[in-house]
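Take a look at the letters that make up each chain.
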Amino acid sequence: MRAILSLLLVTATTALAQISITAADFSSQLTVGNRLINRSDTVTITANIGAPGATANTWNFGALNTHRLDTLRSLNPNGTPFLSQFPGSTHALQTSLTVQGITATLFQYLKLQTNLLNPGAMGSGEVFPGVTGTLRLRNIPDATIFQFPMTLNTTWTSTYAESTIIALPPPIPPQVSITNYTETHTVDAHGNLTLPGTVGTHQALRLRNDSRFSSSTAGSGRNISYQFLARNGASVAITAADTLQPAS
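Rules of the game
Residues numbered from 1 in each chain as written. Predicted model: local features only at pLDDT ≥ 70, side-chain atom pairs only at ≥ 80, totals over all residues. Heavy atoms only, no water. Salt bridge = Lys/Arg side-chain N within 4 Å of Asp/Glu carboxyl O. Buried < 20%, exposed > 50% of the residue type's maximum accessible area, 1.4 Å probe, protein only. Helix = DSSP H or I, 4+ residues; strand = E, 2+ residues; numbered from the N terminus. Core = buried A, V, L, I, M, F, W, Y, C linked by side-chain atoms within 4.5 Å. Contact = heavy atoms within 4.5 Å. Phe/Tyr/Trp six-rings, centres within 6.5 Å; stacked < 30°, edge-to-face > 60°. Pairing = 2+ DSSP bridges.

### Quick look at the pattern of salt bridges
Okay, so step 1: The tally for this structure, following the rule as stated, stands at 6 salt bridges.
Okay, so step 2: Between Asp 142 and Arg 138 there is a salt bridge whose closest N-O contact spans 3.3 Å.
Okay, so step 3: Note on Arg 138: relative accessible area 16%, which makes it buried.
Okay, so step 4: Measuring nitrogen to oxygen at the nearest pair gives 2.6 Å for the salt bridge that ties Asp 210 to Arg 222. Separated by 12 residues along the polypeptide, Asp 210 in strand S10 (residues 202–215) and Arg 222 in strand S11 (residues 219–230) bring together distant segments of the chain.
Okay, so step 5: Residue class for Asp 210 comes out buried when judged on its relative accessible area of 10%.

### A closer look at the nonpolar core
Okay, so step 1: Counting 19 residues, the largest nonpolar core has Ile 21, Phe 26, Leu 116, Phe 146, Phe 148 and Met 150 as its most contacted members.
Okay, so step 2: For this core, the secondary-structure elements that each account for two or more residues are helix H1 (23–29), strand S5 (102–112), strand S7 (131–147) and S10.
Okay, so step 3: Setting aside residues up to four positions removed in sequence, Phe 146 forms contacts with Phe 26, Asn 115, Leu 116, Trp 156, Leu 207, Gln 227 and Leu 229.
Okay, so step 4: By size, the runner-up hydrophobic cluster in this structure holds 16 residues, among which are Leu 195, Ala 234, Val 236 and Ile 238.

### Focus: the packing of aromatic side chains
Okay, so step 1: As enumerated under the stated definition, the model contains 9 aromatic pairs in all.
Okay, so step 2: Ring plane angle 65° and centroid distance 4.8 Å describe the contact between Trp 59 and Phe 228, whose orientation is recorded as edge-to-face. Here Trp 59 is found in strand S2 (residues 53–60), whereas its partner Phe 228 is found in strand S11, with 169 residues between them in sequence.
Okay, so step 3: Overall, the relative accessible area of 0% leaves Phe 228 in the buried class.

### Some thoughts on the side chain of Thr 144
Okay, so step 1: Take Thr 144: it is sitting in strand S7.
Okay, so step 2: Residues in contact with Thr 144, not counting those within four places in the same chain, are Asn 115, Leu 116, Leu 117, Trp 156, Ser 158 and His 185.

### Points about the pairing of strand S12 (residues 235–239)
Okay, so step 1: Where S11 and S12 come together, 5 bridges link them in antiparallel fashion. What sits directly across from Ser 225, in S12, is Thr 239.
Okay, so step 2: Here S11 folds back onto S12, and the loop between the two strands holds 4 residues, one of which, Gly 233, carries a positive phi near 95°.

Such coordinate-based values are descriptive only and should not be taken to indicate function.
Here is the structure:
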């Protein structure tokens, strides 16, 4: 689950030490009871994403605004209602989500092992007064969100099929769609990260995500996004408007 933000970036030439983000860093962020906040800026539309490689960058996102706020609460998966659908999950995040008229309490399941894997999510909500529907997203095999340790030039590819099932009470048949993804992730830059309302900066990595997809219902396409990620979990993600840009 990703927050999509637009940003303003300022470059600098100060030398920076390269950092490494590990599984232990994410384990501390997913401690049971922690709350993760996603803030979306839906107005800002331009971005300078800086230079790839070892060139030091200063990413100043202090001008971003919040037009949508989502809160995710970290839970022990053993206490959640859908763990049987995602066996082996080590963490769960609870949030609210509206999809095709269903406002659902959604549980995102994760597997934090050598890498961070996304097996899927499931939730339920009231479609009409007294009528409950369920939403299930299942990735086969599990999608690889992050490969650890992450440092400059780390790269990996994740290929999986995501099935989406919206189930309503009979006689309405379930709605089923399957989308196939091939995603290439590359850590292509590092620098200093500043977020709105924070004091100081965080050393961060820039992760370039190139996602190609095809489905029987939505056709095929390509999305390119960038995520700026610090060891403490501070992060900004953007989606590029131009999917024909060169790899660098």
